[in-house]
Amino acid sequence: MEIKNVMVVGSGQMGSGIAQVCAQAGFTVYLHDVSDEALDKGVNTIEGNLSRQVEKGRMTGEEMRAVLGRIRRTGDLADAKHCDLVIEAARENMQVKTSIFKTLAEAAPDHAILATNTSSLPITEIAAATKRPEKVIGMHFMNPVPVMKLVEIIRGLATAEETFAAVKEVAVRLGKTPVEVNDFPGFISNRILMPMINEAVYALYEGVAEKEAIDAIMKLGMNHPMGPLELADFIGLDTCLSIMETLHEGLGDDKYRPCPLLRKYVKAGWLGRKTGRGFYQYH
């Protein structure tokens, strides 16, 4: 199956990045969000990313204009009717995602593949909300999307081999490295990463060390490019909490219990970089 037109649902940090790499790869992209303000922010992010590429000599102004010309803004999920592949990048909430997939399954043509960028939720459960589970698959990009090479590809219980092959081919066309993972909570990336972050939060909570020391030890001692608390702020503490809750519920093991300090920060609205404050303060 040839994929020409792609819809990206959600124009936030992940969605705008996915839309950018799809447009750069030559696809016509329908970028969807629920408000003009959100779409403005998403498109501005893409323009900013591309402008930096022009400044560095990695892209010409003409190429930048061509990429932006392939992106079409929309507030209507019914525009999925034009698309061969839809990549959902809405917030990490099962009710939100299943509602979107029910609508997409009605709007998109029969041949269209419906992919979710979920970082932890079960693909099989999302697929069950549609009448075409064989066309539903996980396509988990890493943040920031234009930079990171990995895409986790996750089959649901009913995902067809043809669907998997087509999505793997798209990932390669985007310049990514696709890696197949089975449908378990958190997949591989977040099943390993999030407990490490959660344990770092516990170390802070229990007074084992200050946040700067915890991050310095992991950067200098383990050669991590970013400390776990700094990384949590970058990801978003609400997202970290949501993934830990999914791991705890899905695997039933208390080693995945979210740290009370993480819950406290989220309730306070200290979500990291996006709110100006998390474990660190940002101005």
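Residues numbered from 1 in each chain as written. Predicted model: local features only at pLDDT ≥ 70, side-chain atom pairs only at ≥ 80, totals over all residues. Heavy atoms only, no water.

You'll find the protein chain entered in an unreviewed UniProt entry as 3-hydroxyacyl-CoA dehydrogenase, with Caldibacillus debilis GB1 given as the organism. If you open the UniProt record of the protein chain and go to Sequence similarities (unreviewed entry), you find "Belongs to the 3-hydroxyacyl-CoA dehydrogenase family." (UniProt positions renumbered as here; feature names shortened; annotations may be inferred.)

A. Structural context of the UniProt feature "binding site: NAD(+)" (unreviewed entry) in the protein chain. Using the residue numbers shown here, the UniProt feature "binding site: NAD(+)" (unreviewed entry) corresponds to Gly10, Ser11, Gly12, Gln13, Met14, Gly15, Asp33, Glu92, Lys97, Ser119, Asn143 and Lys274. Within the secondary structure, Gln13 sits in helix α1 (residues 13-24). Excluding its chain neighbours within four sequence positions, the residues that come into contact with Gln13 are Asn143 and Phe234. Of note, Ser119 is situated in the loop between β5 (113-116) and α5 (123-128). The contacts of Ser119, once residues within four sequence positions are left out, are Glu92, His140, Gly186, Phe187, Asn190 and Ile243. (Helix = DSSP H or I, 4+ residues; strand = E, 2+ residues; numbered from the N terminus. Contact = heavy atoms within 4.5 Å.)

B. Seen up close, the packing of aromatic side chains. Applying the stated rule across the entire model yields three aromatic pairs. Judged by centre distance (5.2 Å) and plane angle (75 degrees), the rings of Tyr265 and Trp270 are edge-to-face. Ring geometry for Tyr265 versus Phe279: centroids 5.1 Å apart, planes at 35 degrees, classification tilted. With Tyr265 in helix α11 (residues 260-268) and Phe279 in the segment after α11, this residue pair connects regions lying 14 residues apart in the sequence. Joined through ring pairs, the aromatic side chains of Tyr265, Trp270 and Phe279 make up one cluster. (Phe/Tyr/Trp six-rings, centres within 6.5 Å; stacked < 30°, edge-to-face > 60°.)

C. Expanded view of unusual backbone geometry. Residue Pro144 follows Asn143 across a cis peptide bond; omega there is 0 degrees. With respect to the helices, strands and loops of the structure, Pro144 is situated in the loop between β6 (136-141) and β7 (150-155). In this structure, Phe187 takes a positive phi of about 55 degrees despite not being glycine. One non-glycine residue, Asn223, lies in the positive phi region at around 65 degrees. Along the chain, Asn223 turns up in the loop between α8 (211-222) and α9 (228-235).

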